[in-house]
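Observations on chain architecture
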There are 2 protein chains.
Amino acid sequence: MTQRYPLMVIGTVAVDAVETPFGKQNEVFGGSASYFSYAASFFTPVELVAVVGEDFPSEYRKVLLERPIGLDHLEVLPGGKTFRWKGKYESDLNVAHTLETHLNVLLTFKPKLKTTVNPQYLFLANIDPELQEEVLNQIKRPACKLVACDTMNFWIGKKRSDLLKVLKRVDLLVVNDGETRELTQEHNLIKAAKIIQEMGPATVVIKKGEHGVLLFSESQFFALPAYPLEEVFDPTGAGDSFAGGMMGYLAKENRSDFETLKQAVAYGSVIASFTVERFGLERLRKLTNLEIEERLSDFKRICHF
Amino acid sequence: MTQRYPLMVIGTVAVDAVETPFGKQNEVFGGSASYFSYAASFFTPVELVAVVGEDFPSEYRKVLLERPIGLDHLEVLPGGKTFRWKGKYESDLNVAHTLETHLNVLLTFKPKLKTTVNPQYLFLANIDPELQEEVLNQIKRPACKLVACDTMNFWIGKKRSDLLKVLKRVDLLVVNDGETRELTQEHNLIKAAKIIQEMGPATVVIKKGEHGVLLFSESQFFALPAYPLEEVFDPTGAGDSFAGGMMGYLAKENRSDFETLKQAVAYGSVIASFTVERFGLERLRKLTNLEIEERLSDFKRICHF
């Protein structure tokens, strides 16, 4: 029973409104935990810890139930409204401009894990570091073998000390290049990764969007370009899907040595490359494991010399 | 006799003054053809076509003669002054600010090839496209199997039609990402490469600095991250060294199929990673073929999964 979900994620479940150069869509099912868990589910069952309001559409719940995603910890706050985010991407698609954020149910969220759960792999998706810590406090170590986390500029700027407390207790940090530089005040990403390692996480994964990913462990290094795409339709959720694919693969393999981490980062990149082909979860909902394996093979051909 | 130098480069030979966050140096031996030929010489003998003034220091000539670099076409203009460039890099080292340019002998340069030369591989390094065309007109095709060229923003902006005439006649273009976007008015580099291919060159190599290199042929694609460096001391000449390593390897192998191009791009990246460790040609002058092979092995370990 406690083994059913070897991977757990805490993060946001949201209703997004997204505008890209290719189109505009309101009422898009989004949120860091939604993208993460959907992506991870191609590799392993995953338990989702999040909060929504009473307005949370039943069809979104059905989307999650298409996959082996556990919803026992998807709390519905009576009378509450689901978190909403509205964003817009410029023509180069690299930077999202947040137009509106309505935290709603997130304002009072206190994640409470059932005593029966005991994930071996835990991902603290992008959310207030105080909530990340709350979950960390309820997890049994060393039964939980690997804790990874994500964050964003907002928390680096506004809740730095809370974030640093979390970082001390995690094994792996996933951040993008801009966040890395903001967190460390160091421009060179190789030096910056070492600074982050001193903050806690032995493994650091730096996402560089169209330029790929860098992976640092205590003494090893891996660099991967991005899977080449002519059209990035909507970059929303790319980072969360990447993390979902990566953590899903680690949980499936049930190991996190450097060779496995390399494969995991490659799978994460492949999943993210599918996510951005359509709005929201549209592309992942049609994705098959065969397509994932085919793109991974193609990716190897592109990177190896 | 005509086979002695299978590779030829036309470009600049310069005296630079360079300022980086790590130091400042005047009277640095530089120029696109100098970096190119020194880098290429680790793989193949190379003939240098360029012009200098009477002030060209004899010790710079000796530097070139340390390697199998042919200087029969290094013209010395009587009474002329050597081309000078002064530049400064900001803390992120990505953009060079040109502080001064003194074209001097370049203003009247008309490259004239001896009838005996007949390179199989030709590189038109960054220089006025009119001079690139001048050399193209003196080369015998198809005896010259592969013509590659480089350019820069200045020529894209000021001599676009001359540049387009050159592009129609070359097999391979090496450009950085910013130049690619300026030349094509397309932000997505994969689409941009296709636009460049329609301009002429069947093969396009896009340099992205710290983010690596993309290689496009008619139907194939290759992506390589940059070799990871904690300290980039002076980026001057990185692009020219990259091109030198790449073309030197192609000339040595005497083939340019896609697998060979992939290796060539990797060797180019390795040579460039050494160049930027010191000012000017300092690092390359101490470089050994063993170090190149060791770093290439290391590079494979970093990229393969």
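Note that the structure is a prediction, hence the values are computed from the model and not measured.

Attention now moves to the overall build of chain A. Assigned secondary structure in chain A consists of 11 helices and 14 strands. Against the 2.2 N^0.38 benchmark of 19 Å for 305 residues, chain A shows a C-alpha radius of gyration of 18 Å, consistent with a compact globule. If one aligns the C-alpha atoms of chain A with their principal axes, the spans along those axes are about 55 × 45 × 40 Å. Here chain A holds 305 residues, and the buried ones make up 51% of them. Across chain A, the fraction of contacts at a sequence separation of at least 24, relative to all contacts at a separation of at least 6, is 70%.

On to the interface of chain B and chain A, then. Taken residue by residue, the interface counts 23 residues in chain B and 23 residues in chain A. Mapped onto the side of chain B that touches chain A, the elements with two or more residues apiece are helix H7 (189–199), strand S14 (221–224), helix H9 (258–275) and helix H11 (289–303) of chain B. Its residues assigned to classes, the side of chain B that touches chain A comprises 11 nonpolar, 7 polar and 5 charged.

Take the relation of the copies chain B and chain A next. You can overlay chain B on chain A at an RMSD of 0.0 Å; the transform is a turn of 180° with a shift of 0.0 Å along its axis. What we have between these two chains is a two-fold relation. Comparing interface residues between copies, 100% of those in chain B also sit at the interface in chain A, which points to an isologous, same-surface contact.

So, about the sheet that holds strand S7 (residues 83–89) of chain B. All names here are of chain B. Pairing in this open sheet of 4 strands is mixed, and the strands run S3-S2-S7-S8 from one edge to the other. Single-partner strands in this sheet number two, and they are strand S3 (23–30) and strand S8 (96–102). Ignoring which end each strand starts from, the neighbouring axes of this sheet average 15° apart. Note: S7 against S8, 6 bridges, orientation antiparallel. Within S8, the residue paired with Trp85 across the bridge is Thr101.

What follows deals with the sheet that holds strand S7 (residues 83–89) of chain A. Residue and element names in this part refer to chain A. Read from one edge of the open sheet, 4 strands run S3-S2-S7-S8, paired in mixed fashion. Sheet topology places strand S3 (23–30) and strand S8 (96–102) at the edges, where each strand pairs with a single neighbour. Between one strand axis and the next, the sheet turns through 15° on average, direction left out of account.

Turning our attention to H7 of chain B. All names here are of chain B. Residues Leu189, Ala192, Ala193 and Ile196 constitute the buried set of H7. Along H7, the residues classed as buried sweep out an arc of 100° about the axis, all on the same side. Across from the buried face of H7, at angles greater than 90 degrees, the exposed residues are Lys191 and Glu198. In this structure, the buried residues of H7 make contact with strand S11 (172–176), helix H6 (177–184), strand S12 (203–207) and strand S13 (213–216). Phi turns positive, to about 155°, at Gly200, one or two residues after H7.

Residue and element names in this part refer to chain B. As a packed pair, helix H1 (residues 32–40) and helix H8 (residues 238–253) sit with axes 7 Å apart at the nearest point and diverge in direction by 40°. Here H8 runs oblique to H1, going by the angle between their axes. Judged by the twist between their axes, the crossing of H1 over H8 is right-handed. The residues of H8 that touch H1, namely those facing Ser32, Tyr35, Phe36, Ser37, Tyr38, Ala39 and Ala40, are Asp240, Ser241, Ala243, Gly244, Gly245, Met247 and Gly248. Among the residues forming the contact of H1 with H8, the class breakdown is 7 nonpolar, 6 polar and 1 charged.

This part is about unusual backbone geometry. In this model, Arg141 of chain A is joined to Pro142 of chain A through a cis peptide bond whose omega is 5°. For Asn104 of chain B, which is not a glycine, the phi torsion comes out positive at approximately 50°. With respect to the helices, strands and loops of the structure, Asn104 of chain B is situated in the loop between S8 and strand S9 (121–124).

Before going further, it helps to examine the confidence of the model for chain A. When pLDDT is averaged along chain A, the result is 95; 99% of the residues meet or exceed 70. Here the predicted complex carries an ipTM of 0.87, next to a pTM of 0.92.

Before going further, it helps to spend a moment on the environment of Val95 of chain B. Position of Val95 of chain B among the secondary structure elements: in the loop between S7 and S8. A tally of 12 C-beta atoms within 10 Å means that Val95 of chain B is categorised as exposed.

Once that is clear, we can look at the pairing of strand S4 (residues 46–53) of chain B. Residues and elements named next belong to chain B. With respect to burial, S4 is a largely interior element, 7 of its 8 residues being buried. Looking at chain direction, strand S1 (residues 7–10) and S4 are connected through 4 bridges and run parallel. Directly across from Leu7, in S4, lies its bridge partner Val46. As paired elements, S4 and strand S5 (residues 69–70) share 2 bridges and run parallel to each other. Across the sheet, Glu47 pairs through a bridge with Gly70, a residue of S5. Handedness of the S4-helix H2 (residues 58–65)-S5 crossover: right-handed. Here S4 runs beside strand S6 (residues 74–77); their pairing, made up of 4 bridges, is parallel. Each bridged residue has a counterpart across the sheet, and for Val52 the counterpart in S6 is Val76.

Take helix H8 (residues 238–253) of chain A next. Between the first and last C-alpha of H8 of chain A there are 23 Å, a value that for 16 residues agrees with the 22 Å anticipated at 1.5 Å per step. Counting buried positions along H8 of chain A yields 14 of 16 residues, so the element is predominantly enclosed.

Another point: the environment of Asn126 of chain B. All names here are of chain B. Checked against the element boundaries, Asn126 lands in the loop between S9 and helix H3 (129–136). Along the primary structure Asn126 and Thr151 are separated by 25 residues, whereas in three dimensions their C-alpha atoms are 4.6 Å apart. Those residues in contact with Asn126 that sit more than four places away from it in its chain are Gly11, Ser32, Asp150, Thr151 and Met152.

Cut-offs applied
- Residues numbered from 1 in each chain as written.
- Chains lettered and ligands numbered in written order.
- Predicted model: local features only at pLDDT ≥ 70, side-chain atom pairs only at ≥ 80, totals over all residues.
- Helix = DSSP H or I, 4+ residues; strand = E, 2+ residues; numbered from the N terminus.
- Rg over C-alpha atoms; globule rule 2.2 N^0.38 Å.
- Buried ≥ 20, exposed ≤ 12 C-beta atoms within 10 Å, placed from the backbone.
- Contact = placed C-beta atoms within 7 Å.
- Nonpolar A, V, L, I, M, F, W, Y, C, P; charged D, E, K, R; others polar.
- Least-squares fit on C-alpha atoms with pLDDT ≥ 70 in both.
- Pairing = 2+ DSSP bridges.
- Axes fitted to C-alpha atoms, helices over the stretch in contact; angles between N-to-C directions.
- Arc of directions from axis to C-beta.
- Parallel < 35°, antiparallel > 145°, perpendicular 65-115°, else oblique.
- Left-handed = near helix turned anticlockwise from the far one by under 90°.
- pLDDT = per-residue confidence, 0-100.
- Right-handed = clockwise from strand over helix to strand, strands pointing away.
- Expected span 1.5 Å × (residues − 1).

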